[in-house]
Amino acid sequence: MQTMAQPSIDFIQPEKQVATRSMTIGLGGGVALEWYDWQVYGFMAAFLSPHFFPSNDPVVSLLGAFAVFGAGFIARPLGAALLGPIADRISHKRVMMIAVTVMALSSFLIAILPAHKDIGTLATAALVILRLMQGLATGAEAGVANAIAIELAPPGEEGRYLGLINGTFIMLGSIGASLVAFLVSAAVAPEVMREWAWRVPFAVGGLLGVLIFFLRQAIPETLIARAMHHDEMSRVQKTTGGVWKALWNVRLSLLAVILVIGSVQLANYTYNVGLPNIANGVFKENSTWVYGILTLMGFCWMVFSPAIGAFADKIKPSRAFILMRLLLIPAFFLTLLYSHQSLLTYAMVMLVGGAMVGCNMALYNFIATTLMPRTVRTTGVALGYAIGVTIFGGTTPYLLVWLQREDMAWMFPIYGSLVALLSVVVYQIAKKRGCIYVGE
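Residues numbered from 1 in each chain as written. Predicted model: local features only at pLDDT ≥ 70, side-chain atom pairs only at ≥ 80, totals over all residues. Heavy atoms only, no water.

- Where an unreviewed UniProt entry is consulted, the protein chain appears under the name MFS transporter, with the organism given as Bradyrhizobium zhengyangense.
- Under the heading Subcellular location (unreviewed entry), UniProt records this for the protein chain: "Cell membrane". (UniProt positions renumbered as here; feature names shortened; annotations may be inferred.)

Have a look at this one:
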């Protein structure tokens, strides 16, 4: 049985406060870029699918694009396994710089990638490779960002600070992606959007990567090292084998992290990728309005995320997690209402159900991070995140579209609700066995 650890906060001394603000900007900006680059593919799937998966049936083309979307998730656990121990043992900063470089470069290359009509199946293969590279990068990024953020948080305000980094900045990236999609769609004719303008958001992501690269240069490695290695247990991090041994000892925590993250990512990709692409690719809604509604939903998530985190600090993280997680059940069932072309129905589902999902998006990284001890926090959260989002998040858009196509849409909310309930059960078991290392 795992033992309860003291909160892992050796807070920064007053002279480090300026560095903390600088780190917040660099850390949060990288998180935002990660989500921008990752979400852009999901937002543009309906438009890029005919160029890389040509078919007379638009649903078949869209399913092909979603299959590649899911393939990117397969690389996430590998990225976490390869880069997570490096971050725990050697350098957070190096891993963060690698991640932001790979994400931005891959996004730019997708923007200029020749289509199927130009180079045949090589286009599809290249698209898959680039998405796999992005998966490797994001597999490590999530764990590094969360490990640093929990160490920088003021005592007693961990929820608020994680809400800022992994709520506000995440949604800043996601909103940025939907906003760029909205502006491009509004600026060009629909046929131009389908022909080549879908490439513009990818190019924007590549350019933003240059800015974030320089912002992350300001992150002081010595601050991270002091926060990560000041306790006696840090000696197990001298070898990669020591990291994996320590992670095995907290395997119940790892399972809890997988489900805590996997459940909310299932809901996230339902609302941020699945429903918008059904609207664009299946029901042929006005894409400008689709992206506008999506942007509004994301803006609400961004503004209220720190408040949701502060609420968790006030009533205890465990209570807030259970309350918010149960809200996912009605959010999943609301998706059944959007079964035919209706922009009004789409807006209602996105804004009402999306609000329930947003409450969970503000908390899930904080809750996952509290389940891991400092010595393996980067590897544990990164691996748990990668596995959870791969199993549950990456498959969601494909599953949602396929079930609707087979007239079995009713199965999706049942599946999502069961995963949400399972995450609560496993979290409660972990909590009772003392597997909470920050907060209670």
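After presenting the structure, the write-up continues.
So, the overall build of the protein chain
Next up, step 1: Secondary structure assignment for the protein chain yields 19 helices and zero strands.
Next up, step 2: The buried share of the protein chain, reckoned over its 440 residues, is 61%.
Next up, step 3: Pairs at least 24 apart in sequence give 86% of the contacts found in the protein chain among residues at least 6 apart.
Next up, step 4: Carbon and sulfur atoms provide 70% of the accessible area of the protein chain, an area that totals close to 16,400 Å². (Helix = DSSP H or I, 4+ residues; strand = E, 2+ residues; numbered from the N terminus. Buried < 20%, exposed > 50% of the residue type's maximum accessible area, 1.4 Å probe, protein only. Contact = heavy atoms within 4.5 Å. Areas by Shrake-Rupley, 256 points an atom, 1.4 Å probe, with all protein chains shown as cover.)

Section: a nonpolar patch on the surface
Next up, step 1: A contiguous nonpolar surface patch, about 720 Å² in accessible area, is contributed by Leu326, Phe333, Leu336, Trp410, Met411, Ile414, Leu418 and Leu421.
Next up, step 2: A total of four residues in the nonpolar patch trace back to one element, the largest contributor, which is helix H19 (residues 411-432). (Patch = residues over 30% accessible without salt bridge, like charges linked within 9 Å, V, L, I, M, F, W, Y side chains within 5 Å. Salt bridge = Lys/Arg side-chain N within 4 Å of Asp/Glu carboxyl O.)

A short note on the packing of helix H3 (residues 92-111) against helix H5 (residues 121-152)
Each pair of packed helices can be described by the angle between their axes along with the distance between the axes.
Next up, step 1: Interhelical geometry of H3 versus H5 gives an angle of 150° and a closest axis separation of 8 Å. When the axes of H3 and H5 are compared, the pair comes out roughly antiparallel. In the crossing of H3 with H5, the sense of the turn from one axis to the other is left-handed. Here His92, Val95, Met96, Ala99, Val102, Met103, Ser106, Ser107, Leu109 and Ile110 of H3 lie close against H5, whose contacting residues are Leu127, Leu130, Arg131, Met133, Gln134, Ala137, Thr138, Ala140, Glu141, Val144, Ala147 and Ile148.
Next up, step 2: In terms of residue class, the contact of H3 with H5 is built from 15 nonpolar, five polar and two charged. (Axes fitted to C-alpha atoms, helices over the stretch in contact; angles between N-to-C directions. Parallel < 35°, antiparallel > 145°, perpendicular 65-115°, else oblique. Left-handed = near helix turned anticlockwise from the far one by under 90°. Nonpolar A, V, L, I, M, F, W, Y, C, P; charged D, E, K, R; others polar.)

Description of the confidence of the model for the protein chain
Next up, step 1: Overall, the predicted model of the protein chain reaches an average pLDDT of 82, with 89% of residues at or above 70.
Next up, step 2: Helix H9 (residues 221-228) is the least confidently modelled element of the protein chain, averaging 46 in pLDDT, while helix H14 (residues 328-334) averages 96, the highest of any element.
Next up, step 3: Across residues 1-19 the pLDDT falls below 50, and counting only partners more than four positions away or on other chains, this stretch makes 44 contacts in the model.
Next up, step 4: Note that pLDDT drops below 50 for residues 222-236; the model gives that stretch 34 contacts with residues more than four away or on any other chain. (pLDDT = per-residue confidence, 0-100.)

As for the packing of helix H18 (residues 396-405) against H19
Next up, step 1: At a minimum axis separation of 9 Å, H18 and H19 run at an interaxial angle of 145°. Of H19, the residues touching H18 (which contributes Thr396, Leu399, Leu400 and Leu403) are Met411, Phe412 and Tyr415.
Next up, step 2: Its residues placed into classes, the contact of H18 with H19 shows six nonpolar, one polar and no charged.

Considerations on helix H13 (residues 317-326)
Next up, step 1: When we look at burial in H13, the residues that qualify are Pro317, Ser318, Ala320, Phe321, Met324 and Arg325. Down the axis of H13, the smallest arc covering the buried residues is 160°, so these residues share one side.
Next up, step 2: Elements in contact with the buried residues of H13: helix H11 (251-282), helix H12 (287-315), H14, helix H15 (343-361), helix H16 (364-370) and H19. (Arc of directions from axis to C-beta.)

Thoughts on unusual backbone geometry
Most peptide bonds are trans, and most residues other than glycine sit at a negative phi.
Next up, step 1: With a phi angle near 90°, lysine 316 is a residue other than glycine that sits in the positive phi range.
Next up, step 2: Within the secondary structure, lysine 316 sits in the loop between H12 and H13.
Next up, step 3: Residue aspartate 407 is not a glycine yet carries a positive backbone phi of 60°.
Next up, step 4: Position of aspartate 407 relative to the elements: it lies in the loop between H18 and H19.

Thoughts on the packing of aromatic side chains
Working definition: an aromatic ring pair is given by the centre-to-centre distance plus the angle between the planes.
Next up, step 1: All chains considered together, the criterion is met by nine aromatic pairs.
Next up, step 2: An angle of 55° between the planes, with centres 4.7 Å apart, marks the rings of phenylalanine 321 and tyrosine 427 as tilted. In this pair, phenylalanine 321 is assigned in helix H13 and tyrosine 427 in helix H19, connecting sequence segments 106 residues apart.
Next up, step 3: Relative accessible area serves as the criterion here: at 1%, tyrosine 427 is assigned to the buried category.
Next up, step 4: Through a chain of ring-to-ring contacts, three or more aromatic side chains come together here, namely Phe52, Trp198 and Phe202. (Phe/Tyr/Trp six-rings, centres within 6.5 Å; stacked < 30°, edge-to-face > 60°.)

Let's talk about H12
Next up, step 1: In this model H12 runs 41 Å from its N-terminal to its C-terminal C-alpha over 29 residues, within 8% of the 42 Å that 1.5 Å per residue would give.
Next up, step 2: Along its length, H12 shows its largest kink, about 45°, at phenylalanine 304, and proline proline 306 lies within four residues downstream of that point.
Next up, step 3: Capping the start of H12 is the job of one residue whose side-chain oxygen sits 2.9 Å from the backbone nitrogen of threonine 288: asparagine 286.
Next up, step 4: Looking one or two residues beyond H12, the residue adopting positive phi is lysine 316, at roughly 90°. (Expected span 1.5 Å × (residues − 1). Bend = angle between axes of the 7 residues up to and from the residue. Polar contact = N/O pair within 3.5 Å; in protein donor to acceptor, adjacent residues only side chain to side chain.)

Focus: the environment of alanine 420
Next up, step 1: Turning to its location among the elements, alanine 420 is positioned in helix H19.
Next up, step 2: Along the sequence, alanine 420 and arginine 325 sit 95 residues apart, while their C-alpha atoms lie 6.5 Å from each other.
Next up, step 3: Apart from the residues within four sequence positions on either side, alanine 420 is in contact with Ser263, Arg325 and Leu328.

Focus: the nonpolar core
What tends to happen in soluble globular proteins is that the nonpolar side chains get buried as a cluster.
Next up, step 1: Of all hydrophobic cores here, the largest spans 139 residues; its most connected members are Met44, Leu48, Leu127, Phe202, Tyr271 and Tyr346.
Next up, step 2: The element that contributes the greatest number of residues to this core is H11, accounting for 17 residues.
Next up, step 3: The contact partners of methionine 44, leaving out residues within four places of it in the chain, are Ala181, Met193, Trp198, Pro201, Phe202 and Tyr291. (Core = buried A, V, L, I, M, F, W, Y, C linked by side-chain atoms within 4.5 Å.)

Regarding the pattern of salt bridges
Next up, step 1: With the rule as written, the count across this model stands at two salt bridges.
Next up, step 2: A salt bridge links lysine 117 to glutamate 195, with the shortest nitrogen-to-oxygen separation between them at 3.5 Å. With lysine 117 in helix H4 (residues 116-119) and glutamate 195 in helix H7 (residues 190-195), this pair connects stretches of sequence that are 78 residues apart.

Digging into the side chain of serine 61
Next up, step 1: Looking at the secondary structure, you find serine 61 in helix H2 (residues 58-89).
Next up, step 2: The exposure class assigned to serine 61 is buried, which follows from its relative accessible area of 3%.
Next up, step 3: Discounting residues that sit within four places of it in the chain, serine 61 has contacts with Ser49, Pro50, Phe53, Pro54 and Ser55.

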